[in-house]
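Survey of secondary and tertiary structure
One-letter residues, chain by chain:
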Amino acid sequence: MSIVGISGSLADPSRTSVLVDLIVGQVAVGAFSKKSFVSIAGIAPSLGAALDPQRIPAEIGSAYEKLIAADVIVVGTPVYKGSYSGLLKHFFDLLDPKSLRGKVAVLAATGGSDHHSLVLEHQLRPLLSFFGVYTIPATVYVKDSDFVKEDGNYRLSNPDISARIDTIVAQTLGLIGRSNSVSSIAA
């Protein structure tokens, strides 16, 4: 079992990366699996210049290999102008549409206000559905104000969000057949 998180943020450090990493970590513990992480910020220069899916730079190919090898994908994005990040979309645009079929995905987003929370249902879920990915029912949207910045890094500060993440982890583990682990995680 393998879990990969992908953060669509262009910043480092970022709230989105913290959220994705937190979810990935909890699912990995519950599923007794290995985890990995793809940061769009880390591959942004070469991703922005990539136009041909047949000729992509090695670092993007490595990111795709992680995604394709994963059983569970946690996709997180900051919300810009009411949508997911453009380079995150470009990352998926270059990917073979059949390569993610049958995988399970968790959807997460961060943004400035609650007005942007529907990006998860109206944009991110349809994008992953196009790839034949099973998305869990619950999603998590976290406002920027739900984080604090300490020593240059972000930390989730809203306990209500932690409860939402517990629900997401339980649903993910149930969907991948690891529901026996749920009681120890969600308790």
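Remember, predicted model here, so these are calculated numbers, not experimental data.

So, on to the pairing of strand β2 (residues 34–39). Where strand β1 (residues 2–7) and β2 come together, six bridges link them in parallel fashion. Bridge pairing in β2 links S2 to K34.

To continue, consider unusual backbone geometry. Look at the link from D12 to P13: it is a cis peptide, with omega at 5°. Its location among the elements puts P13 in the loop between β1 and α1 (15–31). Within the chain, F32 stands out as a residue other than glycine whose phi angle is a positive 50°. Relative to the helices and strands, F32 is located in the loop between α1 and β2. Despite not being glycine, D151 has its phi angle at roughly 55°, a positive value.

It is worth spelling out the packing of α1 against helix α6 (residues 159–175) at this point. The geometry of a pair of packed helices is captured by two quantities: the angle between their axes and the separation between those axes. Running from N to C, α1 and α6 cross one another at 45°; their axes reach a closest spacing of 10 Å. Accordingly, the angle class assigned to the pair α1 and α6 is oblique. Considering only the axes of α1 and α6, their crossing is right-handed. Facing α1, whose interface residues are L19, L22, I23, Q26, V27, G30 and A31, α6 presents I165, D166, I168, V169, T172 and L173. Residue classes in the contact of α1 with α6 are distributed as nine nonpolar, three polar and one charged.

Quick notes on the rules
Residues numbered from 1 in each chain as written. Predicted model: local features only at pLDDT ≥ 70, side-chain atom pairs only at ≥ 80, totals over all residues. Heavy atoms only, no water. Pairing = 2+ DSSP bridges. Helix = DSSP H or I, 4+ residues; strand = E, 2+ residues; numbered from the N terminus. Axes fitted to C-alpha atoms, helices over the stretch in contact; angles between N-to-C directions. Parallel < 35°, antiparallel > 145°, perpendicular 65-115°, else oblique. Left-handed = near helix turned anticlockwise from the far one by under 90°. Contact = heavy atoms within 4.5 Å. Nonpolar A, V, L, I, M, F, W, Y, C, P; charged D, E, K, R; others polar.

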